[in-house]
Amino acid sequence: MRIAIVRLSALGDIINSAFILEFIKEAYPQAKIEWICEEAFAPILNHHPLLDAVHTVAIKRAKKNKSFSVLLKTISKLRGLGEFDKIIDLQGLLKSALVSRFIGKNIYGYDKHSIREGLASKFYLQHVNIAYEENSIWRTLVLVSKALDINITKQMLENKQKSLSYAKSDDITKNLLSSTQKNIAFVIGASWPSKTYPKESFVKVAQDLDANIILIWGSHNEKEDAEFIEAKTQNTKLAPKLSLVQLTALIDSVDLIIGNDTGPTHIAWAMNKASITLFGPTPASKMMWQSEKHKAIESDSLVNPLKLDRSDMSIKDINYTNIIHEARSLLS
């Protein structure tokens, strides 16, 4: 059987969907599993031992550069992949539905009541109904379970294997980790300013924790914030610029991850590492799988999963002492 997983973006969503590969392979050991995603996110999947291929699309690049030729090349590339026995669109957007249709007809996806862009469901042969506001990981589990007729329980999810992989050459933690203290990674950036916990509050958290703290950053602005935190504390150090795979290796090596609701923080769940994720304008109940090992700390904001408010800056009101309390509990 040849199976295509279509999850084009974003980073956090791809990370939170990769767990499904373990259960597909268990049910269909001989299946050939291939993933289609945006080119920027391919590195985090490229060397996954359970994937036979990762195919990329350049829809974002075509849109950014207003390049019809790039889009045509992407379409041609997809049509050249050949037919798949089953195609599962985990994204539920019009663009992912179109990508799915270019590679075959036997497409499984959410019905029109379960996705933001209901028109996408017209491209699917089989439909699954599950409320859009449900937990995104649970939605993925239900869709794949029904598409492939396999039983995946919550207990199986709790006991899952690590969902991402990396090579030994990607592990650059030698000069970052402490052998005498607990090691914590701070993920200080996010895709929206309103999802970003204040750098001043991160300083207070660092000052109260007896640990070696590594500051992870991605953009120029995030690096400036990390440098601010490093200058105000004695127990933090700036991580170098990391690739997605190097980031996975680092997160797999620390004892705890504390960060905003963003892709790098969600790698902690994928790698079965203890984590604390901070939420302001996004709903923890939808965005992460919470457990004794993976904690969410939310602001007091009433978040509507169907209509997120990017101007909601309530994350700044999360009391840093709550983070310290949870961190000490998880580290103990």
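In what follows, the accompanying structure is described. (Residues numbered from 1 in each chain as written. Predicted model: local features only at pLDDT ≥ 70, side-chain atom pairs only at ≥ 80, totals over all residues. Heavy atoms only, no water.)

**A few points about the packing of helix 10 (residues 244-253) against helix 11 (residues 263-270)**
Part 1 of the reasoning: Relative orientation of the contacting elements helix 10 and helix 11 amounts to 55°, with a least axis distance of 9 Å. Taken as axis vectors, helix 10 and helix 11 run oblique relative to one another. Our pair here, helix 10 against helix 11, has a crossing hand that is right-handed. Taken together, the residues of helix 11 that come into contact with helix 10 (itself represented by Leu247, Thr248 and Ile251) are Pro264, Ile267 and Ala268. (Axes fitted to C-alpha atoms, helices over the stretch in contact; angles between N-to-C directions. Helix = DSSP H or I, 4+ residues; strand = E, 2+ residues; numbered from the N terminus. Parallel < 35°, antiparallel > 145°, perpendicular 65-115°, else oblique. Left-handed = near helix turned anticlockwise from the far one by under 90°. Contact = heavy atoms within 4.5 Å.)

**Describing helix 11**
Part 1 of the reasoning: Most of helix 11 sits out of view: eight of its eight residues are buried.
Part 2 of the reasoning: Those residues of helix 11 lying buried are Gly263, Pro264, Thr265, His266, Ile267, Ala268, Trp269 and Ala270. (Buried < 20%, exposed > 50% of the residue type's maximum accessible area, 1.4 Å probe, protein only.)

**A short note on the pattern of salt bridges**
Two side chains bearing opposite charge may form a pair once their charged atoms approach each other closely.
Part 1 of the reasoning: Under the counting rule described, the total for this entry stands at eight salt bridges.
Part 2 of the reasoning: Salt-bridge contacts for Glu34 lead to Arg2; the nearest nitrogen and oxygen are separated by 2.6 Å. In this pair, Glu34 is assigned in strand 2 (residues 32-38) and Arg2 in strand 1 (residues 2-6), connecting sequence segments 32 residues apart. Take Glu34 and Arg2: they sit in the same class, and that class is buried.
Part 3 of the reasoning: For Glu292, the salt bridge is made with Lys295, and the minimal N-O distance between the two is 3.8 Å.
Part 4 of the reasoning: On the basis of relative accessibility, which here comes to 68%, the residue Glu292 falls in the exposed class.
Part 5 of the reasoning: Linked through salt bridges whose partners overlap, the residues forming this network are Arg2, Lys32 and Glu34. (Salt bridge = Lys/Arg side-chain N within 4 Å of Asp/Glu carboxyl O.)

**Topic: the packing of aromatic side chains**
Part 1 of the reasoning: One pass over the structure, following the stated rule, counts five aromatic pairs.
Part 2 of the reasoning: When the centroid spacing of 6.3 Å and the interplanar angle of 70° are considered together, the rings of Phe19 and Phe23 count as edge-to-face.
Part 3 of the reasoning: When the ring of Phe186 is compared with that of Phe202, the centres are 5.2 Å apart and the planes differ by 40°; the resulting orientation is tilted. Of the two residues, Phe186 is situated in strand 7 (residues 183-187) and Phe202 in helix 8 (residues 199-208); the sequence distance between them amounts to 16 residues.
Part 4 of the reasoning: Classification of Phe186 as buried rests on a relative accessible area of 0%.
Part 5 of the reasoning: Ring-pair connections join several aromatic residues into one group, and the members of that group are Phe19, Phe23 and Trp269.
Part 6 of the reasoning: Its end group placed over the ring of Phe84, Arg2 keeps NZ or CZ at 3.8 Å from the ring centre.
Part 7 of the reasoning: Seen from the ring of Phe228, Lys199 lies directly overhead, with NZ or CZ sitting 4.6 Å from the centre. (Phe/Tyr/Trp six-rings, centres within 6.5 Å; stacked < 30°, edge-to-face > 60°. Lys NZ or Arg CZ within 6 Å of the ring centre and 35° of its normal.)

**Focus on the sheet that holds strand 3 (residues 53-57)**
Part 1 of the reasoning: Reading across the sheet, the six strands line up as 3-2-1-4-5-6 and stay open at both edges, with parallel pairing between neighbours. A single partner strand is all that each edge strand has here, and the edge strands are strand 3 and strand 6 (126-128). Across the sheet, the mean angle from the axis of one strand to that of its neighbour is 20°, orientation sign disregarded.
Part 2 of the reasoning: Packing against the sheet, helix 2 (residues 20-27) makes contact with strand 1 and strand 2, and its axis sits at approximately 160° to strand 2. (Pairing = 2+ DSSP bridges.)

**Notes on the sheet that holds strand 12 (residues 294-298)**
Part 1 of the reasoning: In spatial order, the strands read 9-8-7-10-11-12; together these six strands make up an open sheet with parallel pairing. Each edge of the open sheet carries a strand with a single partner, namely strand 9 (236-238) and strand 12. Averaged over all pairs of adjacent strands, the angle between their axes in this sheet comes to 20°, without regard to strand direction.
Part 2 of the reasoning: Two elements, strand 7 and strand 8 (residues 212-216), share five bridges in a ladder whose sense is parallel. Across the sheet, residue Phe186 finds its bridge partner in strand 8, namely Leu215.
Part 3 of the reasoning: Helix 9 (residues 220-232) rests against strand 8 and strand 9 of the sheet, and its axis sits at about 150° to strand 9.
Part 4 of the reasoning: Contacting strand 7, strand 10 (256-260), strand 11 (275-279) and strand 12, helix 13 (residues 320-331) crosses the sheet at an angle of about 160° to strand 11.

So yeah, pure geometry; function would need other evidence.
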